Amino acid sequence: MKKISKNNLLLAWQKIDEKFDLFLPKSENGNVKFKNFEESGEVDLTTLKTSIPLKNFVFPQTETFLKFKTKDKKIKFDITSVSEDEYVIFGSRPCDIKSLEILDNIFLREPVDTYYKAHRDRAIIISLACKNPESSCFCGAFEIEPTSVNKATDISLIEAGDFYYWNTISEKGQKITELLKDVLEEVSSEDLVVLNIEKDRIKLELEKLPLNSLDLEKIDGDLQEIFDKEKVWKELSRRCLACGSCTYVCPTCHCYDVKDYAGNNAGERFRCWDSCMFSDFTLMAHGNPRTDQMQRVRQRFMHKLVYYPNNHEGTYSCVGCGRCIEKCPVHIDIVKVIKKLVVNK
Amino acid sequence: MACTCHEKDPLVPKIAKLEFVRRDTPDVTTFRIVSPEGEAPFEFKPGQCAMISVPPLGEAIFSITSSPTEEGYIECSIKKCGAVTDYLHTLEAGDEIGIRGPYGNNFPIEELKNKDLLFIGGGIGLAPLRSVINYVMDRRDEFGKVDIVYGARTPEDLVHPNDIYNVWPAEKNTDVYLTVDREAKNWNGNVGFVPNYVKELGFDTNKVALVCGPPIMIKYVLQGLEEIGFKKEQVYTTLELKMKCGFGKCGRCNIGDKYVCKDGPVFRCDEITELPDEY
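Model, not experiment: these values are computed from the prediction.

1. Points about the overall build of chain A
For chain A, the count of helices and strands is twelve helices and 13 strands. Taking 2.2 N^0.38 as the reference for a compact globule, 345 residues should give roughly 20 Å; the C-alpha atoms of chain A span a radius of gyration of 22 Å, in line with that estimate. By residue count, 56% of the 345 residues in chain A fall in the buried class. Of the contacts made within chain A by residues no fewer than 6 positions apart, 71% connect residues no fewer than 24 positions apart. With the model as given, the accessible surface of chain A reaches about 15,500 Å², and the carbon-plus-sulfur share is 48%. Computed over 51 positive and 54 negative side-chain charges, the separation of the two mean positions in chain A equals 6 Å.

Printed below as a string of structure tokens:
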């Protein structure tokens, strides 16, 4: 374990930026986004959630993977490649980092999505523990905590006093730690006391959060029974406007569309985020198996809370970040859905 | 630096060409597809699918209608019903398409061996069944009695006319029963919907049934088979949902815990009853 003085953060960022593409949470016009070190906006290490989740780095909102030319009914394909240059994300939260593990289960299983893998392999992720978890946070329900270290984390940081405590997790993280050896300081036994007090404080704060006691155990598995609660689903979904915001801001939603963009005899094939909230998502030539919004809302929650866990050893496809609750214009709330399904069981 | 691993990405199609184009009905055409070197674009099993692209219109997934025993090509029988299929119908031998696959599971050929088989198809639903039927015909001694019930709206809509009128009925221990929805000129065969025809024919239940057709036909055929004593474990069918990737990632064909593109399209009917009713 090392530590870095708050006064030295800028110097550390400069050193990282010399070697890697560095992304930091930056605030601009009230929005916090991961932006390049050089770009505009003020570094914001206080706001917990960026408006767009981490998934944009490994699964970009749109990505061209193929260029084509067509002439006289002959086709030429030109495959788009991905840079191998490493990039560093500084200050990502444990819930977002956990979402990468959930996406890995989809994109890295056979057949491997080579585009996702390339973006994933070149990422170096420095996590930042949440100092003050918010009342809308329910990461604890998914066994994630503000100080959690997930598999995808390369370095984890906890802020305490005048320092950030620096824990190198992986070989990739070691490269950054080496690079900053003149900036990082050794940790004393007094420091460890300060750090442990801070960890305990965060833990207590999490326990006090209103949603922390959310019990998911009871909605495990029983697919047909939960699916058949049509009256409950109608009530939960009746306000839905089908805007798709929940899926776009969700760090684990991964459904995508594949489209061709056409020019004259040439064009590009790209994939882009899509949403099971949209009526044309499952529309086919002979009709649509999901004809109303109730069915679409049910699909989204069933996928996150039942289908995904059934297929992935009980892991839920939700990390409790609360973005979907905050962004929903009509206050549809996954926490209410969970409570409703549990209570009605 | 940029890597070259993406050339093997499952979303990236290969170029293929049409060796042969045969108009089966006013809106169904069978395309024989080969690699630029004139070989089969990939190996597959009966029931599997291929994703065909025609840039800049996009991609669509189709079942393969030829049998793996026919080496050197794959065939798809495609109905005109959208932008991609409309364009495919303008293509001729020698034209190029993009192709990727094979996708999905397959009919359980090994389990069907030495058993009596009942194939029930409706309209373009004969396409995936033909792959199994031709497999069985090419290894005829390995399978028992074969009954094929096939129907379409009109006599002109019956696909693979040469197979249904000439090739299959001439095979040993094989019967073909054809039906059309309405009376028509030059039609002396049965008139009526496939589910009713199956019940009228009254097959003994010591068989495995393989069913494919429009969703409404499948639904009534399955009911009918149950009424005459077939158990769900004896019946296989295929499901269809919109697909974009073909290998269980894009999320479109998700029903319950399953993805039709990866865990299907072939399902044994007792598996289907465990799925939420959203297909």
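2. Brief notes about the nonpolar core
Membership of the largest hydrophobic core comes to 86 residues, with the highest contact counts inside it found for Phe-138, Trp-233, Tyr-256, Leu-305 and Ile-334 of chain A. With eight residues, the top contributor of residues to this core is helix α10 (residues 293-311) of chain A. If we ignore the near neighbours within four places in the chain, the residues touching Phe-138 of chain A are Leu-211, Leu-214, Cys-318, Gly-320, Gly-322, Ile-325, Ile-334 and Val-335 of chain A. Judged by nonpolar contacts, the second largest core, of 30 residues, contains Leu-117, Val-136, Phe-143 and Trp-187 of chain B.

3. Side note on the sheet that holds strand β10 (residues 190-191) of chain B
All names here are of chain B. Spatially, seven strands are ordered β10-β9-β8-β7-β11-β12-β15 in an open sheet, and the strand pairing comes out mixed. In this open sheet, the two edge strands, each paired with only one partner strand, are β10 and β15 (266-268). Packing against the sheet, helix α6 (residues 215-227) makes contact with β7 (117-122), β11 (208-212) and β12 (235-238), and its axis sits at approximately 160° to β11.

4. Topic: the interface of chain A and chain B
Each partner contributes residues to the interface: chain A has 56 residues there, and chain B has 52 residues. Summed over both sides, the interface between chain A and chain B buries roughly 4,600 Å², with carbon and sulfur atoms accounting for 55% of that surface. By the criterion of area lost to chain B, the three top residues of chain A are Lys-73, Ile-75 and Tyr-256 of chain A, representing 14% of everything that side buries. The interface formed by chain A and chain B includes six salt bridges. Among the ionic pairs, Glu-278 of chain B bridges to Arg-298 of chain A, the shortest N-O distance being 3.6 Å.

5. Remarks on the packing of aromatic side chains
Residues and elements named next belong to chain A. In total, this model carries 19 aromatic pairs over all chains according to the counting rule given. Residues Phe-107 and Tyr-256 carry aromatic rings whose centres are separated by 6.5 Å and whose planes lie at 20° to one another, so their mutual orientation is stacked. Linking Phe-107 in helix α3 (residues 94-107) with Tyr-256 in strand β12 (residues 256-262), this pair joins segments that are 149 residues apart in sequence. Here the two residues Phe-107 and Tyr-256 agree in accessibility, since each one is buried. Seen from their ring centres, Tyr-248 and Phe-278 are 6.5 Å apart, and the 50° between their planes marks the pair as tilted. With Tyr-248 in helix α9 (residues 245-249) and Phe-278 in the loop between β13 (266-273) and α10, the pair connects residues that are 30 residues apart, well separated along the chain. Among the residues examined, Tyr-248 registers a relative accessible area of 23% and is labelled partly exposed. An aromatic cluster is defined as three or more aromatic residues linked by ring pairs; in this entry it consists of Phe-59, Phe-107, Tyr-116, Tyr-248, Tyr-256, Trp-273 and Phe-278. The positively charged end of Lys-3 is found above the aromatic ring belonging to Phe-163, 3.9 Å away from the centroid.

6. Here we look at the pattern of salt bridges
Counting across every chain of the model gives 43 salt bridges over all chains. For Lys-6 of chain A, the salt bridge identified is with Glu-159 of chain A, shortest N-O distance 2.5 Å. With Lys-6 of chain A in the loop between β1 (2-5) and α1 (9-19) and Glu-159 of chain A in strand β9 (residues 155-160), this residue pair connects regions lying 153 residues apart in the sequence. Arg-201 of chain A is the salt-bridge partner of Glu-198 of chain A, the closest N and O atoms lying 2.9 Å from each other. Taken together, the positions of Glu-198 of chain A and Arg-201 of chain A, both in helix α6 (residues 189-208) and three residues apart, correspond to about one turn of that helix. Arg-201 of chain A gets classed as partly exposed once you look at its relative accessible area, which sits at 29%. Taken together, the shared-partner salt bridges in this structure form one network comprising Asp-257, Lys-259 and Asp-274 of chain A together with Lys-244 and Arg-252 of chain B.

Rules of the game
- Residues numbered from 1 in each chain as written.
- Chains lettered and ligands numbered in written order.
- Predicted model: local features only at pLDDT ≥ 70, side-chain atom pairs only at ≥ 80, totals over all residues.
- Heavy atoms only, no water.
- Helix = DSSP H or I, 4+ residues; strand = E, 2+ residues; numbered from the N terminus.
- Rg over C-alpha atoms; globule rule 2.2 N^0.38 Å.
- Buried < 20%, exposed > 50% of the residue type's maximum accessible area, 1.4 Å probe, protein only.
- Contact = heavy atoms within 4.5 Å.
- Areas by Shrake-Rupley, 256 points an atom, 1.4 Å probe, with all protein chains shown as cover.
- Lys, Arg positive; Asp, Glu negative; His and termini not counted.
- Charge placed at Lys NZ, Arg CZ, Asp CG, Glu CD.
- Core = buried A, V, L, I, M, F, W, Y, C linked by side-chain atoms within 4.5 Å.
- Pairing = 2+ DSSP bridges.
- Axes fitted to C-alpha atoms, helices over the stretch in contact; angles between N-to-C directions.
- Buried area = accessible area lost by both parts, 1.4 Å probe.
- Salt bridge = Lys/Arg side-chain N within 4 Å of Asp/Glu carboxyl O.
- Phe/Tyr/Trp six-rings, centres within 6.5 Å; stacked < 30°, edge-to-face > 60°.
- Lys NZ or Arg CZ within 6 Å of the ring centre and 35° of its normal.

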